Amino acid sequence: MTHFLEHPPVREVEDAISHLNRNPEHPVPFSGLTPPPTDVCAGKIGTDEKSFLSCVDLVLPASSLNGDLDDDEGVRDFGTDDPFPEEPNTPAEQQFTFRAVFVGCALGAVISASNIYLGLKTGWTFGASLFGSIFGFAILKPLSRILPEHFGGGYFGPKENVCCQSAATAAGSLGLLFTSGFPAAYQLGILGKGPVYDFGRIVTFTICCAYVGIFFTMPLRRLYILKLKLTFPGAVAAAYTIRSLHVGRHAEANARKKTLSLILSFLVAILFRVVSEYAPGVLWDWHWGWWFYKAGWTWIIAAENWGWIWEWTPAFIGIGLLVSLNSSASFVGGSALAWAIIGPTLVATNHAFGTPVSLTGMSPEYINYANMVLDDPVGAPSPKYWMIWPGCAILLCASMSEIVVNGGTAAMSVAIAVEPLVNKVKAWRGRAAEREGSQTGQESIGVRDPIPPDQQTPWWMWSGGLAAGTIMTMLVMRYQFGQNAGVTLLAVLFSFLFSLVGADCTGRMSVTPVTTLGNFAQLVFGGVSKGTGMAPMANQLNNGLTGMITLAASEQVADMLGDLKTTHLLGASPRVQLYAQCFGALVSVFLSAGMYIVFVKAYPCINTLSSTTCAFPAPDVGAWRAVSIAVSSPTLPIPRSSGIAALCLGVLTIVSTLMKYRFARPARWAWFPNWNAVGIAFILGPLCSYPMAMLFGSIVALVWRRYWPAGAAMYCYAVAAGMIAGEGLGGIANAVLQIAGVSGSVKGTSVGCPLDIYCG
């Protein structure tokens, strides 16, 4: 549902702003953290809010990556807009190398596999920037010293480290296609017999999505990074991390500490995820409502019924260490609204219904409210089915609001993207000299590119790649899926527009609602197909595929722009990152498809509708399927009360978003709900364990940074990245054990599980 890039906590930025607004003459009171110079940042209050935010925002990541918190050159604050100064006497380095791409792709493969697991579990996936940066350094730096130059040795510097990170990011992307659109298509019966049978066309479709998205990104660099100078918090954190690993008196010691903490958290998370599968009711899920129910407190079974279960998930505790308290609190708040207030009210007023979990009459108060196989979904829906529509409305309206607010950005993106081509045409036609044309391109939009021309990506490269990708997409969609070529071309154009929304979200918050953008594309193209009289099943396939093109393009743009921001700050070559991303994307295509097949074989419920509980809730799949059905059915299969609630919450989302951008200063944006998190909570439940774990992680991070800032600065991001990747890899190990017949469901215990039935 949502794609996260690891980023520093927003709350510390808010505290800095609040303090400086009250006391502009005093430094920011962060214990142990280096404050921004008041003559640089405080002077911008009231005159240029955006400049002040940019100044404060990434002083904090710079500080929080400083292990020794001294004058170490490697961790000084250089801001977020312009490239860091080059270090004197630095050896010349080869940026694009086989070793960097190979190691980056291998690390990205770990994140790709992890994202399939996490996406099916929760609908959330995560970028590989910090994981690839630190682990890439840990692998390549020693090898560069040990091996001869002709066998992978030689100087390894920060710019080559960026290449490794870019390959890792690209190799770790595209997972959301296999945790949303493809499973939904199989549940609807609109694809073939299964992913193994369809593997060829799944791969070709994913290749098209990957490279269209990558080539979309290159012209957007001039707008979002050079002109608008968006922060891209996760990318800047990665840039400061890479610099701290390579530059400064304590660089080597800092690198060892960060690497060791990442490796330990990674290995512990893998081991804990695998071991806990053999006693899930004790080590993983704490079904406390069931335990008290069995002790005689009958009424408290409602907590179990509505998904208020505690889960020791390293991934979501790690996510909480990275994201702002606003995101975590919004996630829990959405769960409370949906599954502690609205859900019980629906059942009490007979607007939604549950079914007993036990077919034998044992524990009759134990009710399943997540049934999606319904005889009468309109007249007798389950609470989970009822909640899908308000959840989708919240997510879609949040995206529509972003489009409205950032409409000027979209027009500017197109203008900046085509300007080099226009100048070339003018020069060719003799209207201006070649030199005048290039100068006009620089001056007309006020963009100065600090990268030498030979390291930039020329317009013919990205435009040619985009044209080739578009043509290939049209051919694949026509001959493998039977879709009209004109509709496909229109889908690619819409994907570009929706990608601008994703890019803006990523640049400001490091959170990209890519599945929501895909759902919105479904609505557009489903309506077009319905208007042409297309049959419902053909419409479902049509709107599903066009939605997936938008989803993948948005995900690629978000990831790649983050890499280009890191590239910009470290003075590396954008052209090198394009090459690395192209190699990494190819790895992601095949690995993501392969991991999807592994999980489907181990857990067939992923691709089938079931009245029982699946080990993978796959919230994106439910939302994707619901939108496909809604836009293709002759009558909307939506309960009346659910439709009214969806309209009301959608209007509230739009009003809240517009008020935030129009009337609130950026320093107060954190007081507004994160509507993406609220919408996901509606669709994910009744399962509230992930929001609670995420909030727990955010609280731990808040306390850690407040009372032990030096330790948090050194270890927090590395530990979080290891926890997220480790649980995902542990989940893959469990899937392999499941296929082999020696998993926890076969060899484990059900102690602590409801009804004494295995709950792993």
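Residues numbered from 1 in each chain as written. Predicted model: local features only at pLDDT ≥ 70, side-chain atom pairs only at ≥ 80, totals over all residues. Heavy atoms only, no water.

Draft legend 1. Representation of the overall build of the protein. Looking only at helices and strands, one finds 29 helices and 7 strands in the protein. When burial is assessed residue by residue, the protein has 61% of its 760 residues classed as buried. Residue pairs in contact within the protein that sit at least 24 positions apart in sequence constitute 82% of those at least 6 positions apart. (Helix = DSSP H or I, 4+ residues; strand = E, 2+ residues; numbered from the N terminus. Buried < 20%, exposed > 50% of the residue type's maximum accessible area, 1.4 Å probe, protein only. Contact = heavy atoms within 4.5 Å.)

Draft legend 2. Up close: the environment of glycine 571. Note on placement: glycine 571 falls in the loop between helix 22 (536-569) and helix 23 (574-602). Leave out the neighbours within four places in its chain, and glycine 571 touches Glu86, Lys159, Ile451 and Gln455.

Draft legend 3. A look at the confidence of the model for the protein. Overall, the predicted model of the protein reaches an average pLDDT of 79, with 81% of residues at or above 70. Looking over the protein, one finds the lowest element-wise mean pLDDT in helix 2 (residues 49-57), namely 35, and the highest in strand 4 (residues 310-311), namely 94. In the predicted structure, residues 6-75 sits below a pLDDT of 50 and forms 146 contacts with residues beyond four places in sequence or in another chain. (pLDDT = per-residue confidence, 0-100.)

Draft legend 4. Structural context of the packing of aromatic side chains. For the structure shown, the criterion picks out 27 aromatic pairs. Between phenylalanine 178 and phenylalanine 182, the ring centres sit 5.2 Å apart and the planes meet at 25 degrees, which makes this aromatic pair stacked. Like phenylalanine 178, the residue phenylalanine 182 is buried in the burial classification. Ring centres of tryptophan 290 and tyrosine 293 lie 5.3 Å apart, and the angle between their planes is 40 degrees; on these two criteria the pair is classed as tilted. With a gap of 3 residues between them, tryptophan 290 and tyrosine 293 both fall in helix 12 (residues 288-294), about one helical turn apart. Take tyrosine 293: its relative accessible area is 11%, and that puts it in the buried class. Among the aromatic side chains, those forming a connected cluster through ring pairs are Phe178, Phe182, Phe205, Phe481 and Tyr596. The ring of tryptophan 284 has arginine 273 sitting right over it, with the charged end atom 4.0 Å from the ring centre. (Phe/Tyr/Trp six-rings, centres within 6.5 Å; stacked < 30°, edge-to-face > 60°. Lys NZ or Arg CZ within 6 Å of the ring centre and 35° of its normal.)

Draft legend 5. Region of the structure containing the side chain of serine 173. By the element assignment, serine 173 lies in the loop between helix 6 (158-171) and helix 7 (181-188). Its relative accessible area of 0% is what places serine 173 among the buried residues. Engagement of the side chain of serine 173 in a polar contact is seen with the backbone oxygen of alanine 170, the distance being 2.7 Å. There is a polar contact of 2.8 Å between the side chain of serine 173 and the side chain of glutamine 556. For serine 173, the contacting residues outside a window of four places in its chain are Ser112, Glu555, Gln556, Asp559, Ser588 and Ser592. (Polar contact = N/O pair within 3.5 Å; in protein donor to acceptor, adjacent residues only side chain to side chain.)

Draft legend 6. Here's a closer look at the state of the cysteines. According to the stated counting rule, one finds 1 disulfide in the structure shown. In this model, cysteine 753 is linked to cysteine 759 through a disulfide, with the two sulfur atoms separated by 2.0 Å. On the sign convention where negative means left-handed, the S-S torsion of about -60 degrees between cysteine 753 and cysteine 759 marks this disulfide as left-handed. As far as burial versus exposure is concerned, cysteine 753 and cysteine 759 are alike and both buried. Here cysteine 163 stays free of any disulfide, with the sulfur of cysteine 164 as its closest cysteine sulfur at 7.3 Å. Residue cysteine 163 is classed as buried on the basis of its relative accessible area, which comes to 0%. (Disulfide = S-S within 2.5 Å.)

Draft legend 7. Expanded view of helix 28 (residues 709-740). Its 32 residues place the ends of helix 28 46 Å apart at the C-alpha level, agreeing with the 46 Å of an ideal helix rising 1.5 Å per residue. Most pronounced at tyrosine 715, the bend in helix 28 amounts to some 45 degrees. Two residues or fewer after helix 28 comes glycine 741, characterised by a positive phi angle close to 80 degrees. (Expected span 1.5 Å × (residues − 1). Bend = angle between axes of the 7 residues up to and from the residue.)

Draft legend 8. Region of the structure containing the packing of helix 15 (residues 325-348) against helix 27 (residues 689-707). Running from N to C, helix 15 and helix 27 cross one another at 150 degrees; their axes reach a closest spacing of 8 Å. If you check the angle between helix 15 and helix 27, you find them roughly antiparallel. With respect to the hand of their crossing, helix 15 and helix 27 are arranged in left-handed fashion. Contacts from Leu325, Ser327, Ser328, Ala329, Phe331, Val332 and Ser335 in helix 15 reach Tyr690, Pro691, Met692, Met694, Leu695, Ser698, Ile699 and Leu702 in helix 27. For the contact of helix 15 with helix 27, the class distribution of residues is 11 nonpolar, 4 polar and no charged. (Axes fitted to C-alpha atoms, helices over the stretch in contact; angles between N-to-C directions. Parallel < 35°, antiparallel > 145°, perpendicular 65-115°, else oblique. Left-handed = near helix turned anticlockwise from the far one by under 90°. Nonpolar A, V, L, I, M, F, W, Y, C, P; charged D, E, K, R; others polar.)

Draft legend 9. Up close: the nonpolar core. Core analysis: the biggest nonpolar cluster contains 121 residues, and Phe182, Phe205, Tyr224, Phe316, Phe331, Leu561 and Phe599 have the highest contact counts within it. In terms of residue count, the dominant contributor to this core is helix 8 (residues 199-227) (18 residues). Discounting residues that sit within four places of it in the chain, leucine 561 has contacts with Thr217, Leu220, Arg221, Tyr224, Ile225, Phe232 and Ala503. Listed in part, the 28 residues of the second largest apolar core include Val101, Leu140, Cys164 and Ala718. (Core = buried A, V, L, I, M, F, W, Y, C linked by side-chain atoms within 4.5 Å.)

Draft legend 10. Representation of unusual backbone geometry. For leucine 174, which is not a glycine, the phi torsion comes out positive at approximately 75 degrees. Here leucine 174 lies in the loop between helix 6 and helix 7.

Draft legend 11. The arrangement of helix 22 in detail. Look at helix 22: 50 Å from first C-alpha to last across 34 residues, which is about the 50 Å you get at 1.5 Å a residue. Within helix 22, 31 of the 34 residues are buried, which leaves it mostly tucked inside the rest of the structure. Immediately beyond the C-terminal end of helix 22, within one or two residues, lies glycine 571, with a positive phi of roughly 70 degrees.

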